[in-house]
Each structure stands twice: as C-alpha cells, then as structure tokens.
Amino acid sequence: MRAIFEKWAAGGEHPPIAKLIGFRLHSYATDHVTLEMEAGPQHANPMGTLHGGILCDIADAAMGTALGSGLEEGESMTTIELKMNFFRPFWNGLLRAEAHVVRRGKSVGYVECEIKDERGRLVAKAGSTLMTLRG
C-alpha cells in the first residue's frame, strides 16, 4: 500500500477520489502530507458554500496518506473514526489540507489535519483514528 502513495508522490496516477473531487498531492514525507484543491461551484452545498463532505474527504485522504506513508510491506489501513470541526464558511479558491501523524501504534494510529484557505486562515480541523491491517 505504501508503494501506491509513493507512486502518487512521484507524479504517478492519482487515486480515483482525488480525480473525482479534484485534489492533488502537494508534499509528501513520512508521517506528514499536504494536499491541495481548487474549490469551485461544483463543490457547493445548497447554500452556496463548500459542502462539509468535501472538507471531510480531503481531510480523510490527507490523514490516510500520512499514516500510509509509514506502512510496511503487506500492510494497509482503514479509518475507524473521524471527527471534523468547521470554523468558517468557504466558497471558492485554494484549500490546503496538512496532515501529520500524532501517534503511530502497532495497530492503531492517530492523525490530525488542518485545512486552511489561501490566506492561511483555518477553515476546518480534523482528527482521525486509523487501524493498520495486516494479511
């Protein structure tokens, strides 16, 4: 699984969800990942602001990729819990989701992610518990 993330970081094929929503890998290092996306009207909720599910998707992808950056051969992982806080509405423009592993255990890890706008203002913050799968 780690090889998938490394290929993406090297400019390879984007995961299907990245293509669907429109985010890209900005930086990649063990336990630390930054994704970017250009939010537009196609990502809006009925009120015209960015749909919260889009923020959850980019945060989940960033956090999963951060934990995935340290997986060993034969391991994969899955999200078992995600908490999201929304701090300000967002309409259109560049968003950056920066995730870092807080704790990597043998079976369970905890990762946090901040999503900021192009002016560096905090739009949302997420925390996630992920489980490493073997076999």
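Here's a quick rundown of the structure.

Definitions and cut-offs
- Residues numbered from 1 in each chain as written.
- Predicted model: local features only at pLDDT ≥ 70, side-chain atom pairs only at ≥ 80, totals over all residues.
- Heavy atoms only, no water.
- 1 Å grid on protein atoms, 1.4 Å probe; cavity = no way out; pocket = protein on both sides within 12 Å on 5 of 7 lines; lining within 4 Å.
- Points joined across faces, edges and corners; volume = space filled by probe spheres on them.
- Helix = DSSP H or I, 4+ residues; strand = E, 2+ residues; numbered from the N terminus.
- Nonpolar A, V, L, I, M, F, W, Y, C, P; charged D, E, K, R; others polar.
- Buried < 20%, exposed > 50% of the residue type's maximum accessible area, 1.4 Å probe, protein only.
- Core = buried A, V, L, I, M, F, W, Y, C linked by side-chain atoms within 4.5 Å.
- Contact = heavy atoms within 4.5 Å.
- Pairing = 2+ DSSP bridges.
- Axes fitted to C-alpha atoms, helices over the stretch in contact; angles between N-to-C directions.

## Regarding the layout of surface pockets
Now for step 1: If you add up the space inside the largest pocket, you get close to 300 Å³.
Now for step 2: Residue lining of the largest pocket: 16 residues in total, with Phe-5, Ala-61, Gly-64, Thr-65 and Met-77 positioned closest to the centre.
Now for step 3: Listing elements by their share of the lining of the largest pocket, those giving two or more residues are helix 1 (2–9), helix 3 (52–68) and strand 3 (75–86).
Now for step 4: If one sorts the elements of the lining of the largest pocket by residue count, helix 3 sits on top with four residues.
Now for step 5: Here the residues of the lining of the largest pocket are counted per class, giving ten nonpolar, four polar and two charged.

## Some points on unusual backbone geometry
Now for step 1: Look at Asp-31: it is not a glycine, yet its phi comes out positive at around 70°.
Now for step 2: Of note, Asp-31 is situated in the loop between strand 1 (23–29) and strand 2 (32–39).
Now for step 3: Of the residues examined, Asp-31 reaches a relative accessible area of 25% and is grouped as partly exposed.

## Points about the nonpolar core
Now for step 1: Among the nonpolar cores identified, the biggest contains 35 residues, and Phe-23, Leu-35, Leu-95, Cys-113 and Ile-115 are the most heavily contacted of them.
Now for step 2: Among the elements that make up this core, the one with the highest residue count is helix 3 (nine residues).
Now for step 3: In contact with Leu-35, other than residues within four places in its own chain, are Trp-8, Phe-23, Arg-24, Leu-25, His-26, Ile-58, Ala-61, Ala-62, Leu-95, Arg-96 and Ala-97.

## Topic: the pairing of strand 1
Now for step 1: As paired strands, strand 1 and strand 2 are joined by six bridges and run antiparallel to one another. Considered in strand 2, the bridge of Phe-23 is made with Met-37.
Now for step 2: Counting the residues in the hairpin turn of strand 1 and strand 2 gives two residues, including Asp-31, whose phi is positive at 70°.

## So, the sheet that holds strand 6 (residues 122–134)
Now for step 1: Pairing in this open sheet of six strands is antiparallel, and the strands run 1-2-4-5-6-3 from one edge to the other. The open sheet has two free edges, formed respectively by strand 1 and strand 3, since each of these has just one partner strand. Adjacent strand axes in the sheet meet at a mean angle of 20°, parallel and antiparallel pairs treated alike.
Now for step 2: Both strand 4 (residues 93–104) and strand 5 (residues 108–117) contribute to a ladder of nine bridges, which runs antiparallel. Residue pairing for strand 5: Val-101 is matched across the bridge by Val-111.
Now for step 3: Helix 1 rests against strand 1, strand 2 and strand 3 of the sheet, and its axis sits at about 110° to strand 1.

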